[in-house]
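Here is how the chains run, residue by residue.
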Amino acid sequence: DAQMEEARAQLGEQATYAVKRFLVVEEYARTRELQATEDEIDDRIEAMAERAGTDPGELYTRLQKVGRIERLEREITEKKVFDALKADSTITDAA
């Protein structure tokens, strides 16, 4: 079916883009030492727990059980990478 083939092609392109983005961010973070630290992860979990009105230790355990700690680490690392890129960039108005 042509629609199915088109959908597969689009998903393949999206997957390729996602993998390339991940690899670039990880390499930049590694070379600039921008990986999320344990303290940053703990701080994020404490903030999340405070907003949710729950104990940080309990939240950490729940997040760990569902594999979300690595996702938090990636989110923090990505933010640090993009903040560094923004700080190192000169942004001008397109005239």
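Located above this text is the structure these notes cover.
Each value, and the rule that gives it
- Residues numbered from 1 in each chain as written.
- Predicted model: local features only at pLDDT ≥ 70, side-chain atom pairs only at ≥ 80, totals over all residues.
- Heavy atoms only, no water.
- Helix = DSSP H or I, 4+ residues; strand = E, 2+ residues; numbered from the N terminus.
- Rg over C-alpha atoms; globule rule 2.2 N^0.38 Å.
- Buried < 20%, exposed > 50% of the residue type's maximum accessible area, 1.4 Å probe, protein only.
- Contact = heavy atoms within 4.5 Å.
- Areas by Shrake-Rupley, 256 points an atom, 1.4 Å probe, with all protein chains shown as cover.
- Lys, Arg positive; Asp, Glu negative; His and termini not counted.
- Charge placed at Lys NZ, Arg CZ, Asp CG, Glu CD.
- Patch = residues over 30% accessible without salt bridge, like charges linked within 9 Å, V, L, I, M, F, W, Y side chains within 5 Å.
- Salt bridge = Lys/Arg side-chain N within 4 Å of Asp/Glu carboxyl O.

Draft legend 1. Structural view of the overall build of the protein chain. From N to C terminus, the protein chain includes four helices and zero strands. Taken from the N to the C terminus, the helices and strands of the protein chain come in the order α-α-α-α. Radius of gyration (C-alpha) of the protein chain: 18 Å, far over the 12 Å computed for a compact globule of 95 residues. A principal-axis box enclosing the C-alpha atoms of the protein chain has dimensions of 50 × 45 × 30 Å. In the protein chain, buried positions account for 19% of the 95 residues. The long-range share in the protein chain, meaning contacts at least 24 apart out of those at least 6 apart in sequence, stands at 67%. Accessible surface computed for the protein chain: about 7,700 Å², of which carbon and sulfur atoms make up 50%. The distance from the centre of the 15 positive side-chain charges to the centre of the 23 negative ones in the protein chain is 2 Å.

Draft legend 2. Region of the structure containing the side chain of Thr-77. By the secondary structure assignment, Thr-77 is in helix H4 (residues 68–88). Look at Thr-77 and you get buried, because its relative accessible area is 3%. In contact with Thr-77, other than residues within four places in its own chain, are Glu-26, Ala-29, Leu-34, Gln-35 and Ala-36.

Draft legend 3. A look at unusual backbone geometry. Look at Glu-33: it is not a glycine, yet its phi comes out positive at around 55 degrees. In this fold, Glu-33 is placed in the loop between helix H1 (2–31) and helix H2 (38–52).

Draft legend 4. Focus on a negative patch on the surface. Taken together, Glu-38, Asp-39, Asp-42, Asp-43, Glu-46, Glu-50, Glu-70 and Glu-73 make up a surface patch of like negative charges. Elements with a minimum of two residues in the negative patch: H2 and H4. Ranked by the residues each element gives to the negative patch, the list is headed by H2, at six residues. Structurally, Glu-46 is set in helix H2.

Draft legend 5. Seen up close, the pattern of salt bridges. The final tally for this structure, using the stated rule, is eight salt bridges. With a closest N to O distance of 3.0 Å, Arg-8 and Glu-5 form a salt bridge. Pair noted here: Arg-8 and Glu-5 are both in helix H1, with a separation of three residues, about one helical turn. Exposure remark for Glu-5: the relative accessible area of 47% places this residue in the partly exposed category. A salt bridge links Lys-80 to Glu-40; its shortest N-O distance comes to 3.1 Å. Highlighted residues: Lys-80 in helix H4 and Glu-40 in helix H2, separated in sequence by 40 residues. Residues joined in a network through salt bridges with shared partners are Arg-44, Arg-71 and Glu-75.

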